Amino acid sequence: MAEIGKTKLDSGWLAARSTDVELTGTQLTTTHPPTGPTAPWMEAVVPGTVLATLVKNKKVPDPFYGLQNEAILDIAISGREYYTFWFFTTFQCKLTGNQHLDLNFRGINYSAEVYLNGHKMVLPKGMFRRHSLDVTDILHPDGQNLLAVLVHPPDHPGSIPPKGGQGGDHEIGKDVATQYVEGWDWIIPIR
């Protein structure tokens, strides 16, 4: 059970590409939760990124070695859906008296739908925003809670010119995001 104060939900997470999951967030958090890291689900890195999860599970090469970053399929080619992922975990929390529970998200990039025990909440869009959701009224009375988060990449990821460069084609600038992820004079483009 969660103690009074803060409990980090930083272990026991699973992740799966959204196009590989044929269930809704409501179904994932009520009648059909994933049971372990069996396809399409894999162990997730939380806190972390979709890329960190893919590297951990050897689905893509580590982009920080040599030119392996160039071997990773860029979102401009794959489309946003390819990098839209479900993250899932369970947690125990049984409140008493006038206690309440907030779920705090620190830095989801770019937008997300949060499902807790079948209830949907949509987080506002923006790079690395912080969100706090009061979920007191939707906790399970028995203390066992199912949490699924559908994370979407930016709406306008843009594309990286062949030689990189100052913010790619600048499409990402239409979103609340930094342009340097598409390359700048001091950083190679991050796929």
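Residues numbered from 1 in each chain as written. Predicted model: local features only at pLDDT ≥ 70, side-chain atom pairs only at ≥ 80, totals over all residues. Heavy atoms only, no water.

**Student:** What is the right way to read a positive patch on the surface from this model?
**Tutor:** The grouping of K6, K8, R106 and R130 at the surface amounts to a positive patch. Tracing the sequence through the fold places K6 in the segment before β1 (14–17). (Patch = residues over 30% accessible without salt bridge, like charges linked within 9 Å, V, L, I, M, F, W, Y side chains within 5 Å. Areas by Shrake-Rupley, 256 points an atom, 1.4 Å probe, with all protein chains shown as cover. Salt bridge = Lys/Arg side-chain N within 4 Å of Asp/Glu carboxyl O. Lys, Arg positive; Asp, Glu negative; His and termini not counted. Charge placed at Lys NZ, Arg CZ, Asp CG, Glu CD. Helix = DSSP H or I, 4+ residues; strand = E, 2+ residues; numbered from the N terminus.)

**Student:** What should I look at first to understand the side chain of N117 in this one?
**Tutor:** Looking at the element boundaries, N117 is found in the loop between β5 (111–116) and β6 (119–123). A relative accessible area of 7% means that N117 is categorised as buried. Looking at N117, its side chain comes within polar contact range of the main-chain oxygen of I138, at 2.8 Å. Sequence-distant contacts of N117, that is, excluding residues within four places in its chain, are made with T29, T30, I138, L139, H140, Q144, N145 and L146. (Buried < 20%, exposed > 50% of the residue type's maximum accessible area, 1.4 Å probe, protein only. Polar contact = N/O pair within 3.5 Å; in protein donor to acceptor, adjacent residues only side chain to side chain. Contact = heavy atoms within 4.5 Å.)

**Student:** What exactly am I supposed to notice about the nonpolar core here?
**Tutor:** The tendency in soluble globular proteins is for nonpolar side chains to be buried side by side. Ranked by internal contacts, the top residues of the largest apolar core, which has 30 residues, are L116, V135 and V149. Look past the residues within four positions of V149 in its chain and what remains in contact with it is W13, F85, W86, F87, F105, I108, A112, E113 and V114. Core analysis: the second largest hydrophobic core is formed by 11 residues, A16, V21, L28 and F88 among them. (Core = buried A, V, L, I, M, F, W, Y, C linked by side-chain atoms within 4.5 Å.)

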